[in-house]
Amino acid sequence: MTARDDLPTGEFGLIAWLRDRAPSYEAVEIGIGDDCAALCVDSGTRLLVTTDMLMDGRHFRLDPDGPEAVGYKALAVNLSDIAAMAGEPLAAFVAVALPRRDATRIARGLFAGMAPLARRFGVSLAGGDTNAWEGPLVVNVTMLGRAVPPGPVTRAGATPGDRILVTGPLGGSLLGRHLRPEPRIREALTLHRAARLHALIDLSDGLSSDLGHILDAGGGLGATLDAAAIPIHNDAVALAARDGRSPLDHALNDGEDFELCAVVPPDAAGRLLAHPPAGLFLRDIGAIEAAPGLRLRQPDGTTAPLASGGFDHLA
Ligand code: ADP
Ligand code: MG
């Protein structure tokens, strides 16, 4: 037995363990470890595939959130992963475990939340699976998309000197925004057309954690974030007033913002920020560096290490 056969710890340890062992053949160009897998279906076309499961009590509370909100969120978080590869969404497959007592009403509510969002993004609801049981509601969506030339943007590819951009204010999503994320498909495609993106991820677990994935995927890079440059959502300020954590702490570590974090060469970043294409919200929050680890620079110029405080399902 080698050390690699030890039981993995944490969600990301488990995913890395699976990635090292999962059967993967030539049609899979990008496998486990990014926001989507990319399959090579014919010369040129890359099919993007992603799946996300939402569970009552973990990602939503059916009572009081209601099935429409759950349906919306289940589709939106998968659209967000397609956006995180700068892809175009094509079709969704919806598998549900419905609480038996109220199965039909809940199913109709889920659909009512999904259908308008699917129409808005031109996504077909093309299949799924329906089950009922005595347990809580579980909804799984698998989404297919298409990579857009010059190809999918992965979590890998950041280079020291690159700038780190985000597409919206962060933090405090638990006040309710986490149920109604706006998938940043248009933003991703616009950025992909306008500049060479070195790396891209959607902020699902929290900026400090998700940026950490980009640093890991880049081969152990580092980054320094500018505390004063990080756009802080009003919800982060409101939540901070209640729980005593700072608004910045919420912006760095709360999950489920579903904004995009893009890593771009400095000249491209300068152009994008001087003239944001299509009026996109864009903020430059820091730089990629060769020295491993995440750091935070305060307005007074002092810099300190920043722990990855995002969400880990197995922590
Ligand atoms: P995201 O937050 O973007 O949805 P995750 O953190 O859920 O990404 O997953 C990261 C990567 O690990 C993805 O490539 C995903 O497909 C893969 N992954 C997660 N769980 C499993 C699993 N149980 N088996 C295989 N791959 C997995
Ligand atoms: Mg993602």
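Shown above is the structure to which this text applies.
Residues numbered from 1 in each chain as written. Chains lettered and ligands numbered in written order. Predicted model: local features only at pLDDT ≥ 70, side-chain atom pairs only at ≥ 80, totals over all residues. Heavy atoms only, no water.

> For this particular structure, what's the right way to read the coordination of the magnesium ion (ligand 2)?
Ideal values differ by geometry: the angle at a metal is 109.5 degrees with four tetrahedral donors, but 90 or 180 degrees with six octahedral donors. Around the magnesium ion (ligand 2), the protein supplies D35 (OD), D81 (OD) and D202 (OD) as donor atoms, at distances of 2.0 to 2.1 Å. The exposure class of D35 is buried, given its relative accessible area of 5%. (Donors = N, O, S within 2.8 Å, 3.2 Å for Na, K, Ca; no water. Buried < 20%, exposed > 50% of the residue type's maximum accessible area, 1.4 Å probe, protein only.)

> I tried to follow the packing of aromatic side chains on my own but got confused; where do I start?
On inspection of all chains with the given rule, the structure shows zero aromatic pairs. Above the plane of the ring of F281 lies R283, whose end atom (NZ or CZ) is 4.1 Å from the centre. (Phe/Tyr/Trp six-rings, centres within 6.5 Å; stacked < 30°, edge-to-face > 60°. Lys NZ or Arg CZ within 6 Å of the ring centre and 35° of its normal.)

> What exactly am I supposed to notice about the site of ligand 1 here?
Near ligand 1 you find E11, F12, I15, L18, I32, G33, D34, D35, D52, D81, R155 and S204, and these make up its full shell. Note that an oxygen atom of ligand 1 is positioned 2.9 Å from one of the backbone N or O atoms of D34. Here D81 contributes a side-chain N or O atom positioned 2.9 Å from an oxygen atom of ligand 1. Here ligand 1 has 560 Å² of accessible area as a free molecule, and 65% of this is covered by the chains. Top contributing element to the shell around ligand 1 by residue count: helix 1 (residues 10–21), with four residues. When grouped by side-chain class, the residues that make up the shell around ligand 1 number four nonpolar, two polar and six charged. (Near = heavy atom within 4 Å. Polar contact = N/O pair within 3.5 Å; in protein donor to acceptor, adjacent residues only side chain to side chain. Areas by Shrake-Rupley, 256 points an atom, 1.4 Å probe, with all protein chains shown as cover. Helix = DSSP H or I, 4+ residues; strand = E, 2+ residues; numbered from the N terminus. Nonpolar A, V, L, I, M, F, W, Y, C, P; charged D, E, K, R; others polar.)

> Can you help me understand the sheet that holds strand 4 (residues 87–99) in this one?
Within a sheet, neighbouring strands are paired by backbone hydrogen bonds and run either parallel or antiparallel to one another. Within the open sheet, the six strands sit side by side as 1-2-3-6-4-5. Their pairing is mixed. Here the strands that pair on one side only, and so sit at the sheet edges, are strand 1 (28–30) and strand 5 (124–133). The average undirected angle you get between the axes of adjacent strands in this sheet is 25 degrees. Looking at chain direction, strand 2 (residues 37–40) and strand 3 (residues 46–55) are connected through four bridges and run antiparallel. Each bridged residue has a counterpart across the sheet, and for C40 the counterpart in strand 3 is R46. The strands touched by helix 3 (residues 67–83) are strand 3, strand 4, strand 5 and strand 6 (138–147); relative to strand 3, the strand with the most contacts, the crossing angle is about 145 degrees. (Pairing = 2+ DSSP bridges. Axes fitted to C-alpha atoms, helices over the stretch in contact; angles between N-to-C directions. Contact = heavy atoms within 4.5 Å.)

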